Amino acid sequence: MRRGPALLTLAVVVALLALSQHARKQTAELPDLRGTTLRTAQLTARDAGFRQLAAEDALDRHRIPVLGGNWRVCSQQPPPARYALTTPVTLRVVKTGEACPDR
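Residues numbered from 1 in each chain as written. Predicted model: local features only at pLDDT ≥ 70, side-chain atom pairs only at ≥ 80, totals over all residues. Heavy atoms only, no water.

**Q** Outline helix H2 (residues 38–48), supporting the account with residue identities and numerical values.
**A** Structural remark: α-helix, 3.6 residues per turn; residues separated by three or four positions point the same way. Every buried residue of H2 is accounted for by Leu38, Ala41, Gln42 and Ala45. Along the axis of H2, the buried positions cluster into a sector of 100 degrees, meaning they face one direction only. Looking at the buried residues of H2, the elements they touch are strand E1 (27–30), strand E2 (53–57), strand E3 (71–77) and strand E5 (89–95). Once H2 ends, the next one or two residues include Gly49, with phi positive near 115 degrees. (Buried < 20%, exposed > 50% of the residue type's maximum accessible area, 1.4 Å probe, protein only. Helix = DSSP H or I, 4+ residues; strand = E, 2+ residues; numbered from the N terminus. Arc of directions from axis to C-beta. Contact = heavy atoms within 4.5 Å.)

What follows is the structure in structure tokens.
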């Protein structure tokens with residue numbers, strides 16, 4: 001009886017399991033960031049492993065969110081779930097004290 005094909009099959013299965021576990025490590029749970037300050041949302045997303053973060057004015061007034069403590073997150077794209085760590089995250093924000101738009 002030849003062992004070659006059986007060993008090759010076993011090696012392929014082991015390699016696929018290792019790749020699967022590696023891919024699992026390259027994903028993370030993106031939490032619900034709505035209602036937090038922009039600063040807290042950015043820190044939370046970075047702590048989860050996401051690095052491609054952007055913020056934009058939810059009221060479309062073309063303001064640039066600079067001081068993260070003065071802005072509140074209204075929505076996020078993508079929504080909370082597990083994603084690849086390379087997934088871009090966009091936070092739509094309003095100034096603290098402003099109401100979020102209905103969308």
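Having seen the structure, we can now continue with the description.
**Q** Describe the side chain of Thr87, and please don't skip the residues or the numbers.
**A** Its place among the elements puts Thr87 in the loop between strand E4 (81–84) and E5. Polar contacts involving the side chain of Thr87 include one to the main-chain carbonyl oxygen of Ala84, which spans 2.8 Å. (Polar contact = N/O pair within 3.5 Å; in protein donor to acceptor, adjacent residues only side chain to side chain.)

**Q** Mind laying out the sheet that holds E5, listing which residues take part and the relevant values?
**A** The strand order across the open sheet formed by three strands is E2-E5-E3, and the pairing between neighbours is mixed. Unpaired on one side and paired on the other, E2 and E3 mark the two borders of the sheet. Strand-to-strand twist in this sheet, taken as the mean axis angle between neighbours without regard to direction, amounts to 35 degrees. Both E2 and E5 contribute to a ladder of five bridges, which runs parallel. The residue of E5 that forms the bridge with Asp57 is Val93. (Pairing = 2+ DSSP bridges. Axes fitted to C-alpha atoms, helices over the stretch in contact; angles between N-to-C directions.)

**Q** Break down the state of the cysteines for me, citing the residues and quoting the values.
**A** Counted under the stated rule, the structure contains one disulfide. A sulfur-sulfur distance of 2.0 Å marks the disulfide that ties Cys74 to Cys100. Taking the torsion about the sulfur-sulfur bond, which here is approximately -85 degrees, the covalent link between Cys74 and Cys100 counts as left-handed. Of this pair, Cys74 sits in strand E3 while Cys100 sits in the segment after E5, and the two are 26 residues apart along the sequence. Cys100 sits in the partly exposed class, given a relative accessible area of 26%. (Disulfide = S-S within 2.5 Å.)

**Q** If you had to explain the side chain of Glu98 to someone new, which residues and values would you point to?
**A** Mapped onto the elements of the fold, Glu98 is located in the segment after E5. One polar contact links Glu98 to Arg63, side chain to side chain, over a distance of 2.9 Å. Polar side-chain contacts of Glu98 include one of 2.9 Å to the backbone nitrogen of Lys95. Beyond its immediate stretch of four places on either side in the chain, Glu98 contacts Leu59, Arg61, Arg63 and Arg72.

**Q** Please give an account of the pattern of salt bridges that cites residues and values.
**A** Two side chains carrying opposite charge are able to pair once their charged atoms lie near each other. Scanning all chains against the criterion turns up six salt bridges. Between Arg63 and Asp57 there is a salt bridge, and its shortest N-O distance comes to 2.8 Å. Classification of Asp57 as buried rests on a relative accessible area of 5%. Its salt-bridge partner being Arg61, residue Glu98 comes within 3.3 Å of it at the nearest N-O pair. Of this pair, Glu98 sits in the segment after E5 while Arg61 is found in the loop between E2 and E3, placing the two residues 37 residues apart along the sequence. Among the charged side chains, a network of salt bridges with common partners joins Asp57, Arg61, Arg63 and Glu98. (Salt bridge = Lys/Arg side-chain N within 4 Å of Asp/Glu carboxyl O.)

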